[in-house]
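One-letter residues, chain by chain:
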Amino acid sequence: MTETQQNKDEASKPLIKKCTYCQEMKPLTDFQRRTGRRAGPYSRRGPCRSCRGLAPQERAATSAPSGEETNPSAAPVTQHSLEANTAAHSLEASLPMEAQRPCRKPVTDKARECHRQRVRHLLSRLKPADTRTLRLNRNGMIRLRGKTDQGRRWHQEIELDLAMTLVRERMAVIVNPYTVRRLYSNKEFRQYVLKRDRYTCFFCGGYGDTIDHLLPRAKGGHTTPVNCVCACNECNQVKAARDVDEFIESGVPQPSPDDFEAPDNPDASEGTLHT
């Protein structure tokens, strides 16, 4: 059997994915597609369609461990996928729960507001750079240079307004009047924002591992240090293209109870956001 025929046979087999809330193995058709430039043909979002429609309280009850677990051998899987699942389960069993996701104490509204003020203070310290030296080249554009995650150099031509925004919001620096250079690759920028915000969601105060735009890209926002904050997966999806103030006033989803540990002294966590 050739490699092309083997790939066709593997593609024809049903693909499954584990839901992040109910922890059940379901086919990919039960999950929404991911959007964006880096989304692949089989990339799907974390929660299934049934869990996305549940309230946070019902979702927490659904994600609670039950007495019986789904038997992975009941699904029609190949020998290769069975070995992969066995290795994954053994790896998860060998790691402690604290190593899989950091536990935090429940936070209050005061602690969330203190964290938001801290992030806003850090963003306000990024003073805008001077862009008066930029000049258009013979094509009426500005040359943008950068590096990929693997270190490969790339360049493209962008409009003057976009170049001024990237320089003003500390995403790029001016090399010469006709060229600007991007400071971060995609991976470096993600790690920079997560470490700056201490892996804490800007909205709910829970554990965050995604990047969200304060001014949505649909409304003219750009991926810059001034416009991006750390957010959890649920807040990132629920917020969508809404403004920050509108999303906070409408009611921010509560963090997952799996991220929390029971505090020894409930009064000690009042007004403190543990990161």
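Here's a quick rundown of the structure. (Residues numbered from 1 in each chain as written. Predicted model: local features only at pLDDT ≥ 70, side-chain atom pairs only at ≥ 80, totals over all residues. Heavy atoms only, no water.)

Describing the pattern of salt bridges
Opposite charge on two side chains permits them to pair, given that their charged atoms come into close proximity.
Then comes step 1: In the structure shown here, the tally under the stated rule is 6 salt bridges.
Then comes step 2: A salt bridge links D212 to K239; the shortest N-O distance between them is 3.8 Å. Residue D212 is found in strand β9 (residues 210–213), and its partner K239 is found in helix α9 (residues 233–239); the two are separated by 27 residues along the sequence.
Then comes step 3: On the basis of relative accessible area, D212 is assigned to the buried category, the value being 4%. (Salt bridge = Lys/Arg side-chain N within 4 Å of Asp/Glu carboxyl O. Helix = DSSP H or I, 4+ residues; strand = E, 2+ residues; numbered from the N terminus. Buried < 20%, exposed > 50% of the residue type's maximum accessible area, 1.4 Å probe, protein only.)

A look at the side chain of T131
Then comes step 1: Inspection of the secondary structure assignment puts T131 in the loop between α6 (109–124) and β5 (142–147).
Then comes step 2: Apart from residues no more than four positions distant in its own chain, T131 is found in contact with M164, V167, R168 and I174. (Contact = heavy atoms within 4.5 Å.)

Description of a positive patch on the surface
Then comes step 1: Taken together, the side chains of R143, R145, K147, R153 and R181 present a region of like positive charge at the surface.
Then comes step 2: Per element, the largest residue contribution to the positive patch is 3 residues, and it comes from β5.
Then comes step 3: Of note, R143 is situated in strand β5.
Then comes step 4: Its relative accessible area of 32% is what places R143 among the partly exposed residues. (Patch = residues over 30% accessible without salt bridge, like charges linked within 9 Å, V, L, I, M, F, W, Y side chains within 5 Å. Areas by Shrake-Rupley, 256 points an atom, 1.4 Å probe, with all protein chains shown as cover. Lys, Arg positive; Asp, Glu negative; His and termini not counted. Charge placed at Lys NZ, Arg CZ, Asp CG, Glu CD.)

A word on the environment of R168
Then comes step 1: With respect to the secondary-structure elements, R168 resides in helix α7 (residues 160–168).
Then comes step 2: On the basis of relative accessibility, which here comes to 33%, the residue R168 falls in the partly exposed class.
Then comes step 3: Through-space distance from the C-alpha of R168 to that of T131 is 7.0 Å; in sequence the pair is 37 residues apart.
Then comes step 4: Apart from the residues within four sequence positions on either side, R168 is in contact with K127, P128, A129 and T131.

Structural notes on the nonpolar core
Then comes step 1: Core analysis: the biggest nonpolar cluster contains 16 residues, and I158, L166, V180, F189 and I211 have the highest contact counts within it.
Then comes step 2: Listing elements by their share of this core, those giving two or more residues are β5, α7, α8 (186–196) and β10 (228–231).
Then comes step 3: Dropping the residues within four chain positions of it, V180 is found in contact with L134, I142, R143, L144, R145, V167, A172, V173, I174 and V175.
Then comes step 4: Counting 14 residues, the second-largest nonpolar core is a separate cluster that includes F202, F203, L214 and V229. (Core = buried A, V, L, I, M, F, W, Y, C linked by side-chain atoms within 4.5 Å.)

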